[in-house]
Amino acid sequence: MRTNIVINDELMEQALKSSGLSTKKEAVEAGLKALIQLSKQRKIRQLRGKLQWDGDFSLVPTVFRGNAYEI
């Protein structure tokens, strides 16, 4: 989608420097993706304490060791 927007120059400069991205388009797209990700995380956090799990952790065969899972 092509659109024209007015963005604060200082904010864009900070975004490009802090992210290492090279174009304004990349910075805007990264910002939009981050906004969507935060929204999804907020919705998941709202479920805390509202879901019931009837599983048994003793039946889970995986053990976390370092950077890999071992079965």
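Refer to the structure above for everything that follows.
Figured I'd write up the structure that's included with this text. Predicted model only: the values in this text are computed from it and were never measured.

**Some thoughts on the pattern of salt bridges**
And then number 1: Applying the stated criterion to the full structure yields 2 salt bridges.
And then number 2: One salt bridge in this structure joins E13 and K17, with 3.0 Å as the shortest N-O distance. In this pair, E13 and K17 are both assigned in helix α1 (residues 9-19), 4 residues apart and thus about one turn of the helix distant.
And then number 3: A salt bridge links K25 to E29, with the shortest nitrogen-to-oxygen separation between them at 3.9 Å. In this pair, K25 and E29 both sit in helix α2 (residues 24-45), 4 residues apart, roughly one turn of the helix.
And then number 4: Overall, the relative accessible area of 37% leaves E29 in the partly exposed class.

**So, a positive patch on the surface**
And then number 1: The grouping of K40, R42, K43 and R45 at the surface amounts to a positive patch.
And then number 2: Relative to the assigned elements, K40 resides in helix α2.

Scoring rules and cut-offs
- Residues numbered from 1 in each chain as written.
- Predicted model: local features only at pLDDT ≥ 70, side-chain atom pairs only at ≥ 80, totals over all residues.
- Heavy atoms only, no water.
- Salt bridge = Lys/Arg side-chain N within 4 Å of Asp/Glu carboxyl O.
- Helix = DSSP H or I, 4+ residues; strand = E, 2+ residues; numbered from the N terminus.
- Buried < 20%, exposed > 50% of the residue type's maximum accessible area, 1.4 Å probe, protein only.
- Patch = residues over 30% accessible without salt bridge, like charges linked within 9 Å, V, L, I, M, F, W, Y side chains within 5 Å.
- Areas by Shrake-Rupley, 256 points an atom, 1.4 Å probe, with all protein chains shown as cover.
- Lys, Arg positive; Asp, Glu negative; His and termini not counted.
- Charge placed at Lys NZ, Arg CZ, Asp CG, Glu CD.

In short, geometric facts, not functional conclusions.
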